[in-house]
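Given next are the chains, with one letter for each unit.
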Amino acid sequence: MAAVEDHHFWYRGLRDVLLRTLARRGLPEHPRVLDAGCGTGANLRALEEAFAPSYLGGFDLSEEALEHARAKAPSAELYRADIRSPRLPERDLDLVVSLDVVYIAGADACFEGLARLVHALAPSGLFVLEVPAYEWLRSPHDVAVGGTERFTARQVSRLLERLGLRVELSTYRLCALLPLVVLRRLPGMLAPPVEARSELHSPPGPLLDAALWRAIAAENRLIERGVAMPWGSSVFAIGRRI
Ligand SMILES: C[S@@+](CC[C@H](N)C(=O)[O-])C[C@H]1O[C@@H](n2cnc3c(N)ncnc32)[C@H](O)[C@@H]1O
């Protein structure tokens, strides 16, 4: 992830939709921001550059991921914690993001931890959640990264509501790419290989990467304007603390 996330179409697409949808929602100047499951740090760096936060924090279960994140976002307060029972040194956060983390342990296991994160939001604070879509799309990639649950957009909306948030956006992502994702994953879905490998081990070549990025960027501009995509391989949602 650390090696590919700066350039790979998929990660660029996620950062792009994150920044576009947040820019539309008028975060306070110099917001207080936390990335729950920050991985190797590219999202922290993007949030820092876009919003100049007065507090930027992130945690992850993996110390190895945190080492990379420290190099990419040196000004962030980074620490090891588990989203199922996170340590939260700061309160009154304006923004909490958790991108492709909750699917690993699953929503039920994460619920108490998510509730704590929501509780740490200031009134009107935003919570951004992204997870992989559709149980039927489960593949060896999920096995390789330890993912236990995939979601529909409706399930994600209900989860945010149960957490006491007002759902401002809940959409599928990578709508145009879904047929390609299904084709690519089909062999592994039908006959799982003995050894599961992450798809990050075989990134697309530069031409295909550029084409996929353009497709995602076009979709992101629609999502930015509030269009909910009817299907896709990820679910992206924003809730606001009431
Ligand atoms: C698919 S990566 C996503 C990383 C980052 N959010 C991003 O969008 O690039 C999943 C991350 O979640 C972390 N993780 C998995 N289970 C976790 C848990 N229970 N608590 C905190 N982090 C966790 C992993 O170590 C990994 O860095």
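Please refer to the structure placed before this passage.
All figures in this text were calculated on a predicted structure; none of them were measured in a lab.

Colleague: Looking at this structure, I do not really get the sheet that holds strand β7 (residues 234–241). What am I missing?
Modeller: The seven strands lie next to each other as β3-β2-β1-β4-β5-β7-β6, forming an open sheet whose pairing is mixed. Unpaired on one side and paired on the other, β3 (77–80) and β6 (165–173) mark the two borders of the sheet. Averaged over all pairs of adjacent strands, the angle between their axes in this sheet comes to 15°, without regard to strand direction. With four bridges joining them, strand β2 (residues 55–60) and β3 adopt parallel strand pairing. Its bridge partner being in β3, Gly 57 is matched across the sheet by Glu 77. Together, β4 (93–99), β5 (121–132), β6 and β7 form the strand contacts of helix α1 (residues 9–23), whose direction differs from that of β7 by roughly 25°. Contacting β1 (32–36), β2, β4, β5, β6 and β7, helix α5 (residues 107–119) runs over the sheet at an angle of about 145° to β5.

Colleague: What is the right way to read the packing of α1 against helix α2 (residues 42–51) from this model?
Modeller: Two numbers describe a pair of packed helices, the interaxial angle and the distance between the axes. Running from N to C, α1 and α2 cross one another at 35°; their axes reach a closest spacing of 11 Å. Here the hand of the crossing between α1 and α2 comes out right-handed. Judged by residue contacts, Arg 15, Leu 18, Leu 19, Leu 22 and Ala 23 of α1 engage Ala 42, Asn 43, Ala 46, Leu 47, Ala 50 and Phe 51 from α2. Per-class residue counts for the contact of α1 with α2 are nine nonpolar, one polar and one charged.

Colleague: How should the site of the ligand be read in this particular structure?
Modeller: Near the ligand, the surroundings consist of 19 residues, among which Gly 37, Asp 60, Asp 82, Ile 83 and Leu 99 are the closest. Within the backbone of Leu 61, one N or O atom sits 3.3 Å away from a nitrogen atom of the ligand. Between the ligand and the protein, one listed contact pairs a nitrogen atom with a side-chain N or O atom of Asp 82 at 2.9 Å. Relative to its unbound accessible surface of 590 Å², the ligand loses 88% to contact with the protein. Mapped by element, the contributors of at least two residues to the shell around the ligand are α1 and α4 (102–105). Here the residues of the shell around the ligand are counted per class, giving eleven nonpolar, four polar and four charged.

Colleague: Teacher, can you tell me more about the environment of Ile 223 here?
Modeller: By the element assignment, Ile 223 lies in helix α9 (residues 206–224). Spatially, the C-alpha atoms of Ile 223 and His 7 are 22 Å apart, while their sequence positions differ by 216 residues. If we ignore the near neighbours within four places in the chain, the residues touching Ile 223 are Val 17, Thr 21, Leu 169, Thr 171, Tyr 172, Arg 173 and Met 229.

Colleague: Looking at this structure, I do not really get the packing of aromatic side chains. What am I missing?
Modeller: Where two aromatic rings form a pair, the distance of their centres and the angle of their planes describe that pair. Following the criterion strictly, the structure yields four aromatic pairs and no others. Here the aromatic rings of Trp 10 and Tyr 11 are separated by 5.2 Å at their centres, their planes lie at 75°, and the arrangement is edge-to-face. Residue class for Trp 10 comes out partly exposed when judged on its relative accessible area of 21%. Each ring, one from Tyr 134 and one from Tyr 172, has its centre 5.1 Å from the other, and the planes form 25°; the classification is stacked. Of this pair, Tyr 134 sits in the loop between β5 and α6 (140–145) while Tyr 172 sits in strand β6, placing them 38 residues apart in sequence. One aromatic cluster is present, formed by Tyr 134, Trp 136 and Tyr 172 through successive ring pairs. When the ring centre of Trp 213 is taken as origin, the NZ or CZ atom of Arg 12, which lies over that ring, is 4.2 Å away.

Colleague: How should I be thinking about unusual backbone geometry in this particular structure?
Modeller: In most cases, non-glycine residues show a negative phi, while peptide bonds are predominantly trans. For His 30, which is not a glycine, the phi torsion comes out positive at approximately 50°. Position of His 30 among the secondary structure elements: in the loop between α1 and β1. For Ala 52, which is not glycine, the phi torsion reads 45° and is therefore positive. For Ala 52, the position within the fold is in the loop between α2 and β2.

Rules used in this analysis
- Residues numbered from 1 in each chain as written.
- Predicted model: local features only at pLDDT ≥ 70, side-chain atom pairs only at ≥ 80, totals over all residues.
- Heavy atoms only, no water.
- Pairing = 2+ DSSP bridges.
- Helix = DSSP H or I, 4+ residues; strand = E, 2+ residues; numbered from the N terminus.
- Axes fitted to C-alpha atoms, helices over the stretch in contact; angles between N-to-C directions.
- Contact = heavy atoms within 4.5 Å.
- Left-handed = near helix turned anticlockwise from the far one by under 90°.
- Nonpolar A, V, L, I, M, F, W, Y, C, P; charged D, E, K, R; others polar.
- Near = heavy atom within 4 Å.
- Polar contact = N/O pair within 3.5 Å; in protein donor to acceptor, adjacent residues only side chain to side chain.
- Areas by Shrake-Rupley, 256 points an atom, 1.4 Å probe, with all protein chains shown as cover.
- Phe/Tyr/Trp six-rings, centres within 6.5 Å; stacked < 30°, edge-to-face > 60°.
- Buried < 20%, exposed > 50% of the residue type's maximum accessible area, 1.4 Å probe, protein only.
- Lys NZ or Arg CZ within 6 Å of the ring centre and 35° of its normal.

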